[in-house]
Structures are given as C-alpha cells and as structure tokens.
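Each chain, written out:
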Amino acid sequence: MNCPYCNFGNTSVLESRDLPGELGLRRRRQCKKCGKRFTTHENVVHIDLKVIKKSGKVEQYDREKLLKGINKACYKRKVEQVDMENLVDEIETKLLNRKTIEIKSSDIGKMVLSRLYKLDDLAYMRFASVYMDFPNAAAFQKFVADSKKLTIKN
Ligand SMILES: [Zn+2]
C-alpha cells in the first residue's frame, strides 16, 4: 500500500475495522516517511499459499487463523491490535515475495516469533509453547534460553 501523498511504500496501520458483509476492511494508515494519514478500503487479500502442517497435511493459508493465534498469545498483554495486524502484514509481504507457494507451518511460526519477541516477551513464549510443540519442559526452557539468538532474518 503506497502513500497517496509521497508514494512511499511503507505505511503502518493505525486502526482496522471490518466492513459489513463481504466489503473487506477499512483501515487508517500513516505513511512512515511523510507522516500523513489516510484511509483505505481494502479487500481481504487471499494469498494463494499452501501451509504444510507437521502432520504432513496441507492447508490453505488463513490470515484470520494466524491472527487468532497471535491474539491468544497476547491475551491481557499490552500489545495493540494494530501491532498484531502490522506483524501479519509484514509476514504476508514476505510470503508473497517467495518463489514457492508452499511453506511449512513451523516456518511461519518462526517468522511470527522473531517479530513477537520485540513486542512482548511473554506473548512470545506463549506463542512458542503452542507453535513449536515441545516434547517436554526442558526443551522449552532451552528454547527460551536460546531465543536471544533469534534474529529478524526470518
Ligand atoms: Zn507519504
């Protein structure tokens, strides 16, 4: 979504609201370069992406499902809804730029984690405990200890 004023490609979502029926989303955005605000009416983007689950099952990528998982992890934490939406936006942009249309669910999980880490450490751990499917508490503890090594590379 480019800024209508200066055409800069990086904007952040200030507010997001579902429009009734199938009309999509109404969003207030702010340009990260010139700072001007504008409103967009966005259709819900359907990304043609296949997610490969750990079981080998293949599912269609589902933004709502991903957002719900992040919402759960952020329950009662001070993470704004728009920050979660921006996080998913950022991941979707990455996913759209990939050459393949298949991705492992664990890879998406890692992409979320590397970003969630910067937003809220407890939400990060909650998300990890669900997404990474640790065999025992010790494996989880090791993961938490190692998590400082996580970079934004994903
Ligand atoms: Zn601008």
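Basis of the calculations
- Residues numbered from 1 in each chain as written.
- Predicted model: local features only at pLDDT ≥ 70, side-chain atom pairs only at ≥ 80, totals over all residues.
- Helix = DSSP H or I, 4+ residues; strand = E, 2+ residues; numbered from the N terminus.
- Rg over C-alpha atoms; globule rule 2.2 N^0.38 Å.
- Buried ≥ 20, exposed ≤ 12 C-beta atoms within 10 Å, placed from the backbone.
- Contact = placed C-beta atoms within 7 Å.
- Domains from an automatic or database assignment.
- Nonpolar A, V, L, I, M, F, W, Y, C, P; charged D, E, K, R; others polar.
- Pairing = 2+ DSSP bridges.
- Axes fitted to C-alpha atoms, helices over the stretch in contact; angles between N-to-C directions.
- Parallel < 35°, antiparallel > 145°, perpendicular 65-115°, else oblique.
- Left-handed = near helix turned anticlockwise from the far one by under 90°.

Now for the overall build of the protein. The helix and strand inventory of the protein stands at 5 helices and 6 strands. Put simply, the protein runs from its N terminus to its C terminus through helices and strands in the order β-β-β-β-β-α-α-β-α-α-α. Rg of the C-alpha trace for the protein: 17 Å, near the compact-globule value of 15 Å for 154 residues, within the 12% margin. Dimensions of the protein, computed from the C-alpha atoms along their principal axes, are close to 50 × 30 × 30 Å. Within the protein, buried positions represent 16% of all 154 residues. Within the protein, contacts between residues at least 6 apart in sequence are counted, and of these 49% link residues at least 24 apart.

This paragraph deals with the domain arrangement of the protein. On domain assignment, one finds that the protein holds domain 1 (1-44) and domain 2 (46-149). The C-alpha-based centres of domain 1 and domain 2 are spaced at 23 Å. Contacts between the two partners involve 6 residues from domain 1 and, on the opposite side, 6 residues from domain 2. Looking at side-chain class alone, the side of domain 1 that touches domain 2 contains 3 nonpolar, 2 polar and 1 charged residues.

Unusually for a residue other than glycine, Asn-7 sits at a positive phi of about 70°. Counting through the fold element by element, Asn-7 comes out in the segment before strand 1 (11-18). A positive phi angle, near 65°, is found at Lys-76, a position not held by glycine. When you line up the elements, Lys-76 lands in the loop between helix 1 (63-73) and helix 2 (81-96).

For the rest of this paragraph, the subject is the sheet that holds strand 6 (residues 102-104). The strand order 5-4-6 describes an open sheet built from 3 strands, whose pairing is mixed. If you trace the sheet from one side to the other, it starts and ends with strand 5 (58-60) and strand 6, each paired once. With strand direction ignored, the average angle separating the axes of adjacent strands in the sheet is 35°. As defined by bridge partners, strand 4 (residues 50-52) adjoins strand 5 across 3 bridges and the pair is classed as antiparallel. When the sheet's bridge partners are listed, Lys-50 is paired in strand 5 with Gln-60. Strands strand 4 and strand 6 of the sheet are contacted by helix 3 (residues 105-119), whose axis makes an angle of about 70° with strand 6.

Okay, the packing of helix 2 against helix 3 next. Across the interface, helix 2 lies against helix 3 with an axial gap of 10 Å and an inter-helix angle of 140°. Comparing their axes, helix 3 and helix 2 come out oblique. In this structure, helix 2 meets helix 3 at a crossing whose hand is right-handed. Only Ile-108, Met-111, Val-112, Arg-115, Leu-116 and Leu-119 of helix 3 make contact with helix 2, whose side of the interface consists of Asp-83, Leu-87, Glu-90, Ile-91 and Lys-94. Residues of the contact of helix 2 with helix 3, tallied by class, amount to 7 nonpolar, no polar and 4 charged.

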